[in-house]
Amino acid sequence: MDSYKIIQTISEAKKKTPAKIYLQGELDKIDFSKLDFYGSSVSGILFCEHSDFENFYASNKQYIKKFKVEVDRRNSAIPMADLTKYNCRIEPGAVIREMVEIGDQCVIMMGAVLNIGAVIGEKTMIDMNVVVGGRAIVGKNCHIGAGTVLAGVIEPPSADPVIIEDDVLIGANAVILEGIKVGRGAVVAAGSIVVKNVESNTVVAGVPAKFLKKVDDKTKAKTQLMEELRKL
């Protein structure tokens, strides 16, 4: 996805601070007909913009005995994605913004963050606490190890995104810098910091990551992906 399109979308979006408000009081005396309210005459939950609640409370405070406000974002430009549109396994605690593409039979583990414009190919696993930055592209049948960071490049808009080609395995806590391309079938060892392109079917490791060897049968045996984990 083009950086300028993302920047324009964020710039022009209506910034939102959605609130969830728990209410107690004489709620039967309040007109909720135009509001998103769920509850009874004495207690309930109201969903609205925080600024709208301020006006609501000012008009109805004589009927409200007690309230509690929960806000989980402030002036947010891009909503979280509707997870039901993805044909994959997404575990609790994953944070996926709108305008993220996820292929069939992917696995997105707890704590993973997928930023706007990211693309994940089918049957790829994004492990725990991985950060897939804006516009990063991950191919098919990959495993991105826990805690890995794929740098995002929404700004500067001229920067090239990270590209991880098909069948790549990246070990835990690796960092792939912006503009880096990791070739098909490559293996990046845990803890590596990748500052230059990685050729296909090679193993790299270290800080900065350096070539170790070509992928061989021993490497393939140690980095085998399990189809069973991707079944829905």
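Residues numbered from 1 in each chain as written. Predicted model: local features only at pLDDT ≥ 70, side-chain atom pairs only at ≥ 80, totals over all residues. Heavy atoms only, no water.

J.: Break down the sheet that holds strand β17 (residues 169-170) for me, with residues and values.
T.: One open sheet holds the eight strands; their spatial order is β5-β8-β11-β14-β17-β20-β22-β23, and the pairing between them is mixed. The sheet terminates laterally at β5 (89-90) and β23 (210-214), the two strands that pair on one side only. The sheet contact formed by strand β20 (residues 187-188) and strand β22 (residues 202-205) spans two bridges and is parallel. Across the sheet, residue Val188 finds its bridge partner in β22, namely Val204. (Pairing = 2+ DSSP bridges. Helix = DSSP H or I, 4+ residues; strand = E, 2+ residues; numbered from the N terminus.)

J.: So, helix α2 (residues 50-60): which residues are in play, and what are the values?
T.: Those residues of α2 lying buried are Phe53, Phe56 and Asn60. Angular distribution of buried residues about the axis of α2 spans 60 degrees; they occupy a single face of the element. Away from the buried face of α2 by more than 90 degrees, exposed residues Asn55, Ala58 and Ser59 are located. Against the buried residues of α2 lie β1 (18-25), β3 (43-49) and β4 (64-71). (Buried < 20%, exposed > 50% of the residue type's maximum accessible area, 1.4 Å probe, protein only. Arc of directions from axis to C-beta. Contact = heavy atoms within 4.5 Å.)

J.: Which residues make up the nonpolar core, and what values go with them?
T.: Residues Ile102, Leu114, Ile164 and Ile176 are the most contacted members of the largest nonpolar core, which totals 36 residues. Sequence-distant contacts of Ile164, defined by excluding residues within four places in its chain, comprise Ile137, Val138, Gly139, Cys142, Ile144, Leu150, Ile170, Ile176 and Val182. Core analysis: the next-biggest nonpolar cluster, separate from the first, contains twelve residues, Ile21, Leu27, Phe53 and Phe56 among them. (Core = buried A, V, L, I, M, F, W, Y, C linked by side-chain atoms within 4.5 Å.)

J.: Tell me about the pattern of salt bridges, and name the residues and values.
T.: This structure, assessed with the given rule, holds nine salt bridges. Note that Lys29 and Glu26 form a salt bridge whose closest N and O atoms lie 2.8 Å from each other. (Salt bridge = Lys/Arg side-chain N within 4 Å of Asp/Glu carboxyl O.)

J.: I'd like a description of the environment of Lys65, backed by residues and values.
T.: Position of Lys65 among the secondary structure elements: in strand β4. C-alpha of Lys65 to C-alpha of Ser43: the two residues are 22 residues apart in sequence and 9.8 Å apart in space. For Lys65, the residues in contact, after removing those within four places along its chain, are Gln24 and Gly25.

J.: Explain the pairing of β3 residue by residue, including any values.
T.: Two strands pair when backbone bridges link them, and β1 and β3 are joined in this way by seven bridges, in the antiparallel orientation. If you follow Pro18 over to β3, its bridge partner there is Glu49. In terms of strand pairing, strand β2 (residues 36-39) meets β3 through four bridges, oriented antiparallel. Opposite Tyr38, over in β3, you have Ile45 as the bridge partner. Count of turn residues in the β2/β3 antiparallel hairpin: three residues.

J.: For the side chain of Thr223, give the residues involved together with the corresponding values.
T.: Here Thr223 is to be found in the segment after α3 (217-222). There is a polar contact of 2.8 Å between the side chain of Thr223 and the backbone oxygen of Thr219. Here Thr223 is in contact with Leu169 and Val187, once residues within four sequence places are set aside. (Polar contact = N/O pair within 3.5 Å; in protein donor to acceptor, adjacent residues only side chain to side chain.)

J.: Mind laying out the packing of aromatic side chains, listing which residues take part and the relevant values?
T.: This model, assessed by the stated rule, comprises seven aromatic pairs. Ring plane angle 10 degrees and centroid distance 3.9 Å describe the contact between Phe32 and Phe37, whose orientation is recorded as stacked. Between the aromatic rings of Tyr57 and Phe67, the centroid separation amounts to 4.9 Å while the plane-to-plane angle is 50 degrees, which identifies the pairing as tilted. Of this pair, Tyr57 sits in helix α2 while Phe67 sits in strand β4, and the two are ten residues apart along the sequence. We classify Tyr57 as partly exposed; its relative accessible area is 26%. Judged by its relative accessible area of 36%, Phe67 is partly exposed. Among the aromatic side chains, those forming a connected cluster through ring pairs are Phe32, Phe37, Phe53, Phe56, Tyr57 and Phe67. (Phe/Tyr/Trp six-rings, centres within 6.5 Å; stacked < 30°, edge-to-face > 60°.)

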